[in-house]
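Results of the structural survey
If you want the building blocks of each chain, they are given just below.
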Amino acid sequence: CCSALSQIHPMRIGNTLMNSMLFNVMLLLLTSPAIVQFCAICFANYARLTTADMLFGVQVQNLYIFNYFYRSNAFLYAMISIAGLSAVWLSICPRDRRALENDDDDMRL
């Protein structure tokens, strides 16, 4: 049914190459600032007078490149759109075939 548009490098016990692990770490490092920024915006009252509030609430919003996007809430609408598309995708294809086919828990050492 639903094949993945882009596949993330799988990690298997005893069979994971270093470049696969580094690629997955790179994905985590790329998404971490976006998650921190989203949390700082959502919980602005709790994050007041913190370093995250200073970085994302003041300095990043006043950058010349991102100024228009913050005024129009483009980042917030993009994140909500991605969440909505993910919900639709997961309602159509709720199962992960690769996880069912490659069950690493049954691997014998």
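No experiment lies behind these values; they were computed from the predicted model shown.

Moving on to unusual backbone geometry. Here the phi dihedral of leucine 49 falls at roughly 65°; this positive angle occurs in a residue that is not glycine. A residue is classified by how much of its surface remains accessible, and leucine 49, at 81% relative accessible area, is exposed. The phi dihedral of asparagine 73 is positive, around 55°, even though this residue is not glycine. Exposure remark for asparagine 73: the relative accessible area of 37% places this residue in the partly exposed category.

Moving on to helix α1 (residues 18-42). For α1, which comprises 25 residues, the first-to-last C-alpha distance of 36 Å matches the rise-based estimate of 36 Å (1.5 Å per residue) to within 8%. When α1 is considered as a whole, its buried residues turn out to be Ser20, Asn24, Gln37 and Ala40. Buried residues in α1 make contact with α2 (51-59) and α3 (67-71).

With that settled, the discussion passes to the layout of surface pockets. One number sums up the size of the second largest pocket: a volume of about 290 Å³. In terms of lining, the second largest pocket is formed by 15 residues, of which the most central are Gln37, Ile41, Tyr70, Phe75 and Leu76. Every element with two or more residues in the lining of the second largest pocket is listed here: α1, α3 and α4 (74-92). A per-element tally of the lining of the second largest pocket places α4 first, with five residues. Of the residues contributing to the lining of the second largest pocket, the split by class is twelve nonpolar, three polar and no charged.

This structure, assessed with the given rule, holds four aromatic pairs. Centroid distance phenylalanine 69 to phenylalanine 75: 5.8 Å. Interplanar angle 50°. Geometry classified as tilted.

Further remarks concern the confidence of the model for the protein chain. Mean pLDDT over the protein chain stands at 77; residues scoring 70 or higher make up 80%. Ranking the elements of the protein chain by mean pLDDT puts helix α5 (residues 97-101) last with 62 and α4 first with 87.

Quick notes on the rules
- Residues numbered from 1 in each chain as written.
- Predicted model: local features only at pLDDT ≥ 70, side-chain atom pairs only at ≥ 80, totals over all residues.
- Heavy atoms only, no water.
- Buried < 20%, exposed > 50% of the residue type's maximum accessible area, 1.4 Å probe, protein only.
- Helix = DSSP H or I, 4+ residues; strand = E, 2+ residues; numbered from the N terminus.
- Expected span 1.5 Å × (residues − 1).
- Contact = heavy atoms within 4.5 Å.
- 1 Å grid on protein atoms, 1.4 Å probe; cavity = no way out; pocket = protein on both sides within 12 Å on 5 of 7 lines; lining within 4 Å.
- Points joined across faces, edges and corners; volume = space filled by probe spheres on them.
- Nonpolar A, V, L, I, M, F, W, Y, C, P; charged D, E, K, R; others polar.
- Phe/Tyr/Trp six-rings, centres within 6.5 Å; stacked < 30°, edge-to-face > 60°.
- pLDDT = per-residue confidence, 0-100.

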